[in-house]
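Observations on the model geometry
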Amino acid sequence: MSDDHASTPVAARVRRLEERLIAAGLVSDTELDAILDRFLGGASPVNGARIVAHAWTDAGFRDRLLADANDALPELDLSMRGGLREQRLKVVANTAARHNLIVCTLCSCYPIGLLGPSPSWYKSEAYRSRAVREPRGVLAEFGLDLPADVDITVWDASAESRYMVLPVRPAGTEGLTEEQLAGLVTREGLIGTAVV
Amino acid sequence: MSEAAARFVAGDRVATQAVDPDHHNRLPRYARGQVGEVVEVQGTWPLPDDVVRGVPAPRVEPVYTVRFAARDLWGTGGHEVTVDLWQSYLIPARHPPSTDASLEPVEDLHE
């Protein structure tokens, strides 16, 4: 899905829908382009990785991020204001005792601005239906065998909030700079299907 | 748009509506007719049931993060699942959590 799909039937349907909306005077071409640009321009997991690396190195920021992520993001010149209304972001922290996993069982809600376009498996029926039911098995299929004593919380983004996981900082990274730390953070780590 | 006041606070036991309405709705099927615990009040948003049907003044309601035990949802599993639910999808659950989830009463489904 994240590949170029300009010639697919879905793309053709979206183009027709856009034309109808424009013809009906509900939205203009310029407005649509501006929204798409705001929404997708700069949307990348690099943003999520920067947030994580900063939280790993600044305990105060970590606390503020977990308490109210929308309030904390501007400290890194980031925000959730890409769409029509600012989206609420909830950051959930992994610990030695608890692992967090993000899913949207009803569709594919996802913090695109911070994680980039979502991977195709995130939108698959298999992931959406199985993540809430048997997360430990799903994680094992992703190559993540969690110890039996680590509890799991699955966050179903079924309404207007978007979620991001704050992974545990890997051992032996004390000497790394914030930029080097950010380089360790993967998109899967931000969804919870991997650790960092 | 009139905004509904919050009926629940963190820690409240709530039951979800068991009825699957004919119209659009964002209460996942697997979480219908279940008892969970409010974790957080997230803020208020227009009710999608009204928005999608084109109701001129959609209800604006609090949305809650509600935590469910996997064992209650699926009869198995040691994890927990949180679901984000509009206030209309919830009703108070009077009884405190029992130690045996299989015996937990689900009350007031037709308040």
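Chains are numbered independently. Their residues run from 1 in the order of the written sequence. Key to labels: chains lettered from A, ligands numbered from 1, both in the order written. Local features in a predicted model are, by the rule used here, given only for residues with pLDDT of at least 70; side-chain atom pairs are given and counted only at 80 or more, and totals for whole chains, interfaces and linings are based on all residues.

1. Things to note about the overall build of chain A
Helix numbers and strand numbers start at the N terminus; a helix is a DSSP run of H or I with at least 4 residues, a strand a run of E with at least 2. Across its full length, chain A carries 10 helices and 4 strands. Tracing chain A from N to C terminus, the helices and strands come up as α-α-α-α-α-β-β-α-α-α-β-β-α-α. Restricting the calculation to C-alpha atoms gives the radius of gyration, and the globule rule supplies 2.2 Å times the number of residues raised to the power 0.38. Here the C-alpha atoms of chain A give a radius of gyration of 18 Å, agreeing with the 16 Å that 2.2 N^0.38 yields for 196 residues. The dimensions of chain A, computed from C-alpha atoms along their principal axes, are 55 × 35 × 25 Å. Counting across all 196 residues of chain A, residues that qualify as buried make up 33%. Relative to all contacts within chain A whose residues are 6 or more apart in sequence, the contacts with residues 24 or more apart total 69%. The burial label depends on the number of other C-beta atoms within 10 Å of a residue's C-beta. Counts of 20 or more mean buried, 12 or fewer mean exposed, and intermediate counts mean partly exposed, with C-beta atoms placed from the backbone. Any residue pair is listed as a contact if its two C-beta atoms, each placed from the backbone, are within 7 Å.

2. Focus on the overall build of chain B
Of regular secondary structure, chain B possesses 2 helices and 5 strands. Taken from the N to the C terminus, the helices and strands of chain B come in the order β-β-α-β-α-β-β. Here chain B holds 111 residues, and the buried ones make up 36% of them. When contacts within chain B are restricted to residue pairs at least 6 apart in sequence, long-range pairs at least 24 apart make up 58% of them.

3. Quick look at the sheet that holds strand β2 (residues 98-103) of chain A
When DSSP finds two or more bridges between two strands, those strands count as paired. Strand order in the open sheet made by the 7 strands is β2(A)-β3(A)-β4(B)-β3(B)-β2(B)-β1(B)-β5(B), with mixed pairing throughout. The sheet is open, and its two borders are formed by β2 of chain A together with β5 (90-92) of chain B, each paired with just one other strand. Taken over all neighbouring pairs, the strand axes of this sheet differ in orientation by 35° on average, direction set aside. As paired elements, β2(A) and strand β3 (residues 151-156) of chain A share 6 bridges and run parallel to each other. Bridging from a neighbouring strand, V103(A) pairs with D156(A) of β3(A). The angle between two axes is taken between their N-to-C directions and runs from 0 to 180 degrees, where each axis is a line fitted to C-alpha atoms and a helix contributes only its stretch in contact.

4. Structural notes on the nonpolar core
A general trend in soluble globular proteins is that nonpolar side chains are found buried together. Only buried Ala, Val, Leu, Ile, Met, Phe, Trp, Tyr and Cys residues enter a nonpolar core, and they are joined through C-beta atoms within 7 Å. Counting residues in each nonpolar core, the largest one holds 62 residues, and the members touching the most others are V52(A), I102(A), V103(A), V154(A), M164(A) and L85(B). Sort the elements by how many residues they give to this core and helix α3 (residues 45-57) of chain A lands first, with 6 residues. Non-local contacts of L85(B), meaning those with residues more than four positions away in its chain, are made with A159(A), T16(B), L27(B), V63(B), Y64(B), V66(B) and L90(B).

5. Some thoughts on the interface of chain A and chain B
In this assembly, 18 residues from chain A lie in contact with 17 residues from chain B. A total of 6 residues in the side of chain A that touches chain B trace back to one element, the largest contributor, which is β3(A). Per-class residue counts for the side of chain A that touches chain B are 8 nonpolar, 4 polar and 6 charged. By the bridge criterion, 4 bridges tie β3(A) to strand β4 (residues 80-86) of chain B in an arrangement that is parallel. By the bridge assignment, V154(A) is partnered in β4(B) with V81(B). Basically, the charged four are Asp, Glu, Lys and Arg, the nonpolar ten are Ala, Val, Leu, Ile, Met, Phe, Trp, Tyr, Cys and Pro, and anything else, Gly included, counts as polar.

6. A few points about helix α1 (residues 9-23) of chain A
The terminal C-alpha atoms of α1(A), which comprises 15 residues, lie 21 Å apart, in line with the 21 Å expected from a rise of 1.5 Å per residue. The element α1(A) is largely exposed, with a buried count of 0 among its 15 residues. The length a helix should cover is 1.5 Å for every residue beyond the first.

7. Focus: the confidence of the model for chain B
Averaged over chain B, the pLDDT score is 88; the fraction of residues at 70 or greater is 84%. In the model output, the complex is listed with pTM 0.87 alongside ipTM 0.86. Along the chain, pLDDT gives the predictor's confidence residue by residue, from 0 to 100.

8. With respect to the packing of α3(A) against helix α4 (residues 59-67) of chain A
Residue and element names in this part refer to chain A. For the pair α3 and α4, the least separation of the axes is 5 Å and the interaxial angle reads 125°. Considering their axes alone, α3 and α4 lie oblique with respect to each other. When α3 is examined against α4, the residues I51, H54 and A55 are found in contact with a partner set consisting of F61, R62 and L65. Classifying every residue of the contact of α3 with α4 gives 4 nonpolar, 1 polar and 1 charged. Orientation labels follow simple angle bins: below 35 degrees gives roughly parallel, above 145 gives roughly antiparallel, 65 to 115 gives roughly perpendicular, and whatever is left gives oblique.

9. Some points on the environment of W155(A)
Tracing the sequence through the fold places W155(A) in strand β3. Beyond its immediate stretch of four places on either side in the chain, W155(A) contacts V92(A), N100(A), I102(A), Y163(A) and T82(B).

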